[in-house]
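A closer look at the structure
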Amino acid sequence: MAEAIEGALACAVVEVDGARLLAHYRRGAAEPTSESALTAAGRELFGGAGRLAVGPLHEVQLTASDHHLFGKLLGDRRRALLLVTDRTISVGLGWAQLRAQLGALERPAK
């Protein structure tokens, strides 16, 4: 998954209600890319707690001092895709890289 994404530090698929990590790739050892950090981010952003006054979140972008986090709730509303990049990656490229992974995750199982 993330090994093919330019600038990706980590990519994960998280079960948002059960807070379970379903798939994970990490390049490097930065804390924001750890399994526990990405699982917590998926749960908090897209699970039961991930609700604002306007309703549940479907997409999110967070920018920290050294990283960008891009997240999207998948069509089944049970899983979210999270991508962490370093700040050298533009926001537009980060979203393009995240969306490029959606096809494989949204395809119905055979």
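**Considering the pairing of strand β1 (residues 8–15)**
The buried count for β1 comes to 7 of 8 residues, which makes it a mostly enclosed element. Bridge analysis of β1 against strand β7 (residues 79–86) gives 7 bridges, and the strand direction is antiparallel. Within β7, the residue paired with Val14 across the bridge is Ala80. Bridging between β1 and strand β2 (residues 20–26) involves 6 bridges; their strand directions are antiparallel. When the sheet's bridge partners are listed, Val13 is paired in β2 with Ala23. Taking the residues between adjacent antiparallel strands as the criterion, β1 and β2 are bridged by 4 residues, where Ala19 takes a positive phi near 50 degrees.

**Looking at helix α1 (residues 35–46)**
Taking 1.5 Å per residue as the helical rise, α1 with its 12 residues ought to reach 16 Å, and the 16 Å between its terminal C-alpha atoms agrees with that figure. Every buried residue of α1 is listed here: Leu38, Thr39, Ala41, Gly42, Leu45 and Phe46. Along the axis of α1, the buried residues cluster in a sector spanning 160 degrees; they form a single face. Buried residues along α1 sit against β1, β2, β5 (59–63), β6 (67–73) and β7.

Reading guide: rules and limits
- Residues numbered from 1 in each chain as written.
- Predicted model: local features only at pLDDT ≥ 70, side-chain atom pairs only at ≥ 80, totals over all residues.
- Heavy atoms only, no water.
- Buried < 20%, exposed > 50% of the residue type's maximum accessible area, 1.4 Å probe, protein only.
- Helix = DSSP H or I, 4+ residues; strand = E, 2+ residues; numbered from the N terminus.
- Pairing = 2+ DSSP bridges.
- Expected span 1.5 Å × (residues − 1).
- Arc of directions from axis to C-beta.
- Contact = heavy atoms within 4.5 Å.

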